[in-house]
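The residues making up each chain are set out below.
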Amino acid sequence: MSFPASGARLPRARPVKKGLREVLDVLMYDIIMKKREGGELTGDEIEFFVKGYTEGAIPDYQASALLMAIYFRGLNRRETADLTMAMCNSGRRADLSAIRGIKVDKHSTGGVGDKTTLVLAPLIAAAGVPVAKMSGRGLGHTGGTVDKLESIPGFRAVMDPAEFTEQVRRVGVAVVAQTGNLAPADKKLYALRDVTATVDSMPLIASSIMSKKIAAGADAIVLDVKAGSGAFMKDEESAFRLAETMVEIGNRVGRRTVALVTGMDQPLGRAVGNALEVREAVAALKGGGPQDLLEICLALGAAMLLLAGRTVSVEEGRRILTELLESGMALEKFEEFVAAQGGDPRVTREEGLLPAAAISEDLPAPRSGYIGAVRAGLIGRAAMLLGAGREKKESEIDLSVGIVLNKKIGDRVLAGESLAVLHANSPERLAKAREIALQAYTVGDQKPEPKPLIYGTVPEKIQT
């Protein structure tokens, strides 16, 4: 260890003791008190804390105290950027310099039925922009992007850095599982935040997300910040504040960053569940699929092409991407990408190659009327009860199960008509999920006013 080096400190209320352990205790005591009293932490103090906690020199009780002080006192923009980079530099950083061109990453803050990466990765690569993406596994309602791809027979999501880089240069796209040594400070701090009621802090959320994105090596970043009942940010105002914070961090540390704030009051698309979402992504790559999924992919993709310098406007980007979908070139790139990572590309033509649940059951509407709400959070919970998601990181998931929505907000439904189809392998799990899924739906006499799919962008001039 190279401690201590914590920058300027408040006057101590107790004498310095001898020994490294005692010195570290005093330095952290001063940092905690400084933030508790509303002071601004220096870059050295932030780095001292992140390095010390990651290496085990700072105990949980002191780290918890500082996190709680940050929760109540906040961090300014400079402090947030310093925290982000300290976490980013806590482990290995991906080096994508061997890949020609501007590498643009896309990150979603999480939502129900969000399979946009499955569509965007091959679509953007087909447009001539390299996609070198590291994705995590899911925790919650469904698997992550890597879990979904692994529902394709033979798909391999783990490869060494040289192989990863070579595939991007050769194919134009690779999607691999995020390694544990990428921003390890974030992993350790998030676990502590999860048990100390400090998850819901804007600077801590923003630095957590951006530390991993920056460590992943992209030159530019497009953020999809979800707002609504199925998102971490439940309202539009909070989502915009998070988007602005993350865009500020990215630009401050030299990554051109933009964000779209998008709706998550109901699931995106119709499929929720790993193999089910792969089927829907394939349909979108064929130029079909749900309109809301297609619209979000075009908006995010147009922003990615703009940041990569491939286009001069989002309008041009949307036109190029639409042509790639209609011509079949995006689907061809998906097949090439899947084959390169050991998967069976025939899944685009033979749906039976994807895992399928043993039981499928319709969820009947309790009355006639219009669908007023499809609470994404409850649909996600029902999917997890079926086995589509992990309650804990070590939980096994069932790639075949999930929910396919037949009715969404604004649709007319008759009593007894199918609201959704539940795909299950366990009658016991099905019974629990059925009850939750039914609670997700509200049926009324009046057709509701539609909410926007895209609330806006940060900065505003990135019009989509």
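This one's a predicted model, so the numbers in the text were calculated from it and none came from an experiment. Along each chain, numbering runs from 1 in the same order as the chain's sequence is written. Restriction of local features to residues with pLDDT of at least 70 applies here, the model being predicted, together with a cutoff of 80 or more for giving and counting side-chain atom pairs; totals for whole chains, interfaces and linings are based on all residues. The side-chain quantities take in all heavy atoms of the structure and omit both hydrogens and water.

## Here's the deal with the packing of helix 5 (residues 116-126) against helix 13 (residues 314-327)
The test is simple: In this analysis an axis means a line fitted to C-alpha atoms, helices contributing only their contacting stretch, and an angle means the value between N-to-C directions, from 0 to 180 degrees. Each helix is a run of DSSP H or I of at least 4 residues and each strand a run of E of at least 2, with the numbering of both proceeding from the N terminus. The labels follow the angle: roughly parallel below 35 degrees, roughly antiparallel above 145, roughly perpendicular from 65 to 115, and oblique for the rest. Contacts are assigned to residue pairs with any non-hydrogen atoms lying within 4.5 Å of each other. Polarity classes work like this: nonpolar for Ala, Val, Leu, Ile, Met, Phe, Trp, Tyr, Cys and Pro, charged for Asp, Glu, Lys and Arg, and polar for all others, with Gly in that last group.
In the contact formed by helix 5 and helix 13, the axes pass within 10 Å of each other and the chain directions differ by 105°. One element, helix 5, and the other, helix 13, form an angle in the roughly perpendicular class. Contact residues: Leu123, Ile124 and Ala126 in helix 5; Leu321, Leu324 and Leu325 in helix 13. When its residues are assigned to classes, the contact of helix 5 with helix 13 shows 6 nonpolar, no polar and no charged.

## A closer look at the sheet that holds strand 10 (residues 412-413)
For the record, the criterion: Only strands joined by at least two bridges in the DSSP assignment are considered to pair.
Strands sit in the order 10-8-12 across an open sheet of 3 strands; the sheet is antiparallel. Where the open sheet ends on each side, the last strands, each with one partner, are strand 10 and strand 12 (441-444). Where strand 8 (residues 369-374) and strand 10 come together, 2 bridges link them in antiparallel fashion. Looking across to strand 10, one finds that Tyr370 is bridged to Arg412. In this fold helix 16 (residues 427-440) packs onto strand 8 and strand 12, with an angle of close to 45° to the strand it touches most, strand 12.

## Considerations on the packing of aromatic side chains
Here the distance between the centres and the angle between the planes together describe a pair of aromatic rings. Our working rule: Classification of ring pairs uses Phe, Tyr and Trp, with its six-membered ring standing for Trp, and accepts pairs whose centres are within 6.5 Å; under 30 degrees between planes counts as stacked, over 60 as edge-to-face, and the remaining range as tilted. Only protein chains enter the accessibility calculation, which uses a 1.4 Å probe. A residue is then buried if its area is under 20% of the maximum for its type, exposed if over 50%, and partly exposed in between. Note on criteria: charge over ring means Lys NZ or Arg CZ within 6 Å of the ring centre, with the direction from the centre no more than 35 degrees off the ring normal.
Going through the model one piece at a time under the given rule, you end up with 4 aromatic pairs. Judged by centre distance (5.2 Å) and plane angle (85°), the ring pair of Tyr71 and Phe72 falls under edge-to-face. On the basis of relative accessibility, which here comes to 32%, the residue Tyr71 falls in the partly exposed class. You can call Phe72 exposed: its relative accessible area is 64%. One aromatic cluster is present, formed by Phe155, Phe334 and Phe337 through successive ring pairs. Over the aromatic face of Tyr53 sits the side chain of Lys188, whose NZ or CZ is 4.6 Å from the ring centroid.

## A few points about helix 13
Inclusion rule: Between the first and last residue of a helix there are one fewer steps than residues, each counted as 1.5 Å, and that sum is the expected span.
When the terminal C-alpha atoms of helix 13 are compared, their 20 Å separation across 14 residues agrees well with the 20 Å that a helix rising 1.5 Å per residue should span. Contacts made by the buried residues of helix 13 are with helix 5, helix 11 (274-285), helix 12 (291-307) and helix 14 (329-340).

## Describing the confidence of the model for the protein chain
In plain terms, the rule: A residue's pLDDT is the predictor's confidence in that residue, given on a scale from 0 to 100.
Mean pLDDT over the protein chain: 91, with 92% of residues reaching 70 or higher. For residues 5-17, every residue scores under 50 in pLDDT, and the model assigns this stretch 28 contacts once sequence neighbours within four places are set aside.

## What to know about the sheet that holds strand 6 (residues 271-272)
Sheet strands associate in pairs through backbone hydrogen bonding, adopting either a parallel or an antiparallel arrangement. Read across the open sheet, the 4 strands follow the order 6-9-11-7; overall the sheet is antiparallel. Pairing within the sheet leaves two strands with one partner each, and these edge strands are strand 6 and strand 7 (359-364). Pairing analysis gives 2 bridges linking strand 6 to strand 9 (residues 402-405), with the strands arranged antiparallel. Across the sheet, Val272 pairs through a bridge with Ile403, a residue of strand 9. Packing of helix 16 onto the sheet brings it into contact with strand 7 and strand 11 (418-424), and relative to strand 7 it is tilted by some 25°.

## Topic: unusual backbone geometry
Cis geometry marks the peptide bond from Val458 to Pro459; its omega dihedral reads -5°. Within the fold, Pro459 resides in the segment after strand 13 (454-458). In this model, Ala183 sits at a positive phi of 50°, which is unusual for a non-glycine residue. Along the chain, the position of Ala183 falls in the loop between strand 3 (173-177) and helix 8 (184-195). Notably, Ala197 is not glycine yet its phi reads approximately 60°, a positive angle. Assessed through its relative accessible area of 60%, Ala197 is described here as exposed.

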